[in-house]
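# Summary of the model geometry
Here are the chains, one letter per residue:
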Amino acid sequence: RCRSSLEVQDWLFSLMLHYSAIRYYFIALSTTARVAIGEREQPFEVKNIILNEVFKINSSTHSKIKTTAMANNLHILLSRNLSGVYRDPQRLIRDVETLQKTSLGRNLNPTTEPLTSNDGSVTPSVLVLNGTLPMVYRNVTYNIPIDLYLPPQYPQRAPIVYVRPVSSMAIKENHRHVGRDGMVYMPYLHEWVAQTHDLRELCVWMSSLFGSEPPCYARPAGAPRVSAASNVAASYGSRPPAYAQATQSTTNTYSPYVAASNSNNNRSREAEEQERRKQQQIEKEVAEANLAAKIAREESLKEAKLKAEQSRLQKDHEEKLSSMRVMATSKVEYELQVVFRDAKDDLRVTLKNQKLLDYGKEEIQQLLKEGEERKEELMALNDEMDGAVKELEGWLEAVEIQQQQEGENGNNNSSSQSSKVDQIALPVDTHSSQMLQLAAENAAIDDCFYFLDQSLAQKNIPLKVFLEEVRKLSKRQFTVKAHLIKIRDAKASNPFG
């Protein structure tokens, strides 16, 4: 019983491999028998039959199985060899799988290799997509071998791409986008942004740029091959050629791809060597039959290793699940303790606030009670004030009656008039009498200031006399005001004295 769709796909893939190996084995036996009885009229047709029978699988199904196998390989590499290397493994897996689903990344297989920079520094093993990138040059499709390195900082840092020419090819000198060591330089890599750039668009850019200006050309016969190590050593400390400089560089004398002319030469040589090839065909078919049996055995070993690896991964997965359960349980317990502690603190604060509210309620009730008592006292004082006002009104009426009587008597001399003026305000105590006299003196001094100012303005007195008089009156007025303040404070401290 399969537990997941991934296991189902692996099972189907292994079943098809078994089926192909068995068919390959029986076809090889049949071919060997036909060779033994002398049926070798069409050796190339027999070879094509073998290859067609071995790989006779539905194209869409084979593509899905291949994609699943590559995805499994990618997950195994990340979980076993590259654990903890990348900051965002989910983004890396998504970008690689998206690239492998396209025609450009179909032949790029994930593996691990250390990354050696041009300055000589070496990083730990990183994920490398190794294979070929298709490009179209003059309506002909060519495959460029590349190595696409994904640094540990991916996707924040751009990938590093190298062109890896085979022995029959060489890197074009002063190429605009490829250095002598095969490293690819292009605006898309220079302007790399993690949020907007990905591997699929990178391969689209490279395929387009390489199609307009191929980075490799066919090496002429007898030309010495420059090792990749010497190219890398020569490029240490150097910078890639500028785009304008690259366009003005000297053109190569060789054609970018002369595969077509080479194939024509091969056909002419095949015509000349047809007799020799017929003699060697029997040996080749026997060798291919042995190779088929060897492939079947290797596939059986690979299947056994794959099953062992799957069982190990399943065991690791169960262990991780167990550890994750323990971690989740402890985390939930911790979170519950935090929630309980917070609830306890909130309850404690609520009770404290309730006590404060009760205490405030008692204080408000006490203030209301005191306010009622003060209200009653003020009402009593108001009643007393009303009685005093009535008494004062009665006294004023008596004074008015007395004045009317005196007016009728016709006493109009100046002494009686002055006495009437003095009787308008009658102080009730000593402090009141003093305040009345001091207030009158203060007002008189203000009048003196006014008339002195008028006299000075009219030039009736000199300035010296004006200043002397003002100084004297100011000293006296200061004394009068200070005396008034003292009397006021005394009456405030003892209003009924």
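This write-up is about the structure you can find in this document. (Residues numbered from 1 in each chain as written. Predicted model: local features only at pLDDT ≥ 70, side-chain atom pairs only at ≥ 80, totals over all residues. Heavy atoms only, no water.)

Turning next to the sheet that holds strand 2 (residues 122-137). The four strands lie next to each other as 1-2-3-4, forming an open sheet whose pairing is antiparallel. A strand with exactly one partner marks an edge of an open sheet, and here the two such strands are strand 1 (108-116) and strand 4 (160-163). Mean inter-strand twist for the sheet, computed between neighbouring axes without regard to direction, equals 35°. Here strand 2 runs beside strand 3 (residues 140-150); their pairing, made up of 11 bridges, is antiparallel. (Pairing = 2+ DSSP bridges. Helix = DSSP H or I, 4+ residues; strand = E, 2+ residues; numbered from the N terminus. Axes fitted to C-alpha atoms, helices over the stretch in contact; angles between N-to-C directions.)

A contiguous nonpolar surface patch, about 400 Å² in accessible area, is contributed by L392, W395, L396 and L426. On the secondary structure map, W395 appears in helix 10 (residues 274-409). Looking at W395, the relative accessible area reads 43%, which means it is partly exposed. (Patch = residues over 30% accessible without salt bridge, like charges linked within 9 Å, V, L, I, M, F, W, Y side chains within 5 Å. Areas by Shrake-Rupley, 256 points an atom, 1.4 Å probe, with all protein chains shown as cover. Salt bridge = Lys/Arg side-chain N within 4 Å of Asp/Glu carboxyl O. Buried < 20%, exposed > 50% of the residue type's maximum accessible area, 1.4 Å probe, protein only.)

Any aromatic ring pair is given by two values, namely how distant the centres are and how the planes are angled relative to each other. Taken as a whole and assessed by the stated rule, the structure comprises five aromatic pairs. On the numbers, 6.0 Å between centres and 45° between planes, the contact of Y154 with W192 is tilted. Taken together, the residues span a long stretch of sequence, with Y154 in the loop between strand 3 and strand 4 and W192 in the loop between helix 5 (187-190) and helix 6 (199-212) at a distance of 38 residues. You'll find Y154 and W192 in the same group, each marked buried. One aromatic cluster in this structure is built from Y154, Y188, W192 and W205. (Phe/Tyr/Trp six-rings, centres within 6.5 Å; stacked < 30°, edge-to-face > 60°.)

All right, on to the packing of helix 12 (residues 430-457) against helix 13 (residues 463-493) then. The geometry of helix 12 relative to helix 13 is characterised by a closest axis approach of 9 Å and an angle of 160° between their N-to-C directions. In terms of orientation, helix 12 and helix 13 fall into the roughly antiparallel class. Where helix 12 crosses over helix 13, the handedness of that crossing is left-handed. By residue class, the composition of the contact of helix 12 with helix 13 is 16 nonpolar, seven polar and seven charged. (Parallel < 35°, antiparallel > 145°, perpendicular 65-115°, else oblique. Left-handed = near helix turned anticlockwise from the far one by under 90°. Nonpolar A, V, L, I, M, F, W, Y, C, P; charged D, E, K, R; others polar.)

This part covers the side chain of D147. Among the secondary structure elements, D147 is positioned in strand 3. Among the residues examined, D147 registers a relative accessible area of 7% and is labelled buried. Within the local environment of D147, its side chain forms a polar contact with the side chain of R164, the two groups lying 3.0 Å apart. (Polar contact = N/O pair within 3.5 Å; in protein donor to acceptor, adjacent residues only side chain to side chain.)

This part is about helix 12. Taking 1.5 Å as the rise per residue, helix 12 with 28 residues should run 40 Å; its terminal C-alpha atoms sit 41 Å apart, in good agreement. Taken as a whole, helix 12 has its buried residues at L438, N442, I445 and L452. As for helix 12, its buried residues are in contact with helix 13. (Expected span 1.5 Å × (residues − 1). Contact = heavy atoms within 4.5 Å.)

Moving on: helix 4 (residues 89-100). Each α-helix turn comprises 3.6 residues. Residues three or four places apart therefore point the same way. Compared with an ideal rise of 1.5 Å per residue, which puts 12 residues at 16 Å, helix 4 spans 16 Å between its outermost C-alpha atoms and is within 8% of the ideal. For helix 4, the full list of buried residues reads R91, L92, I93, D95, V96, L99 and Q100.

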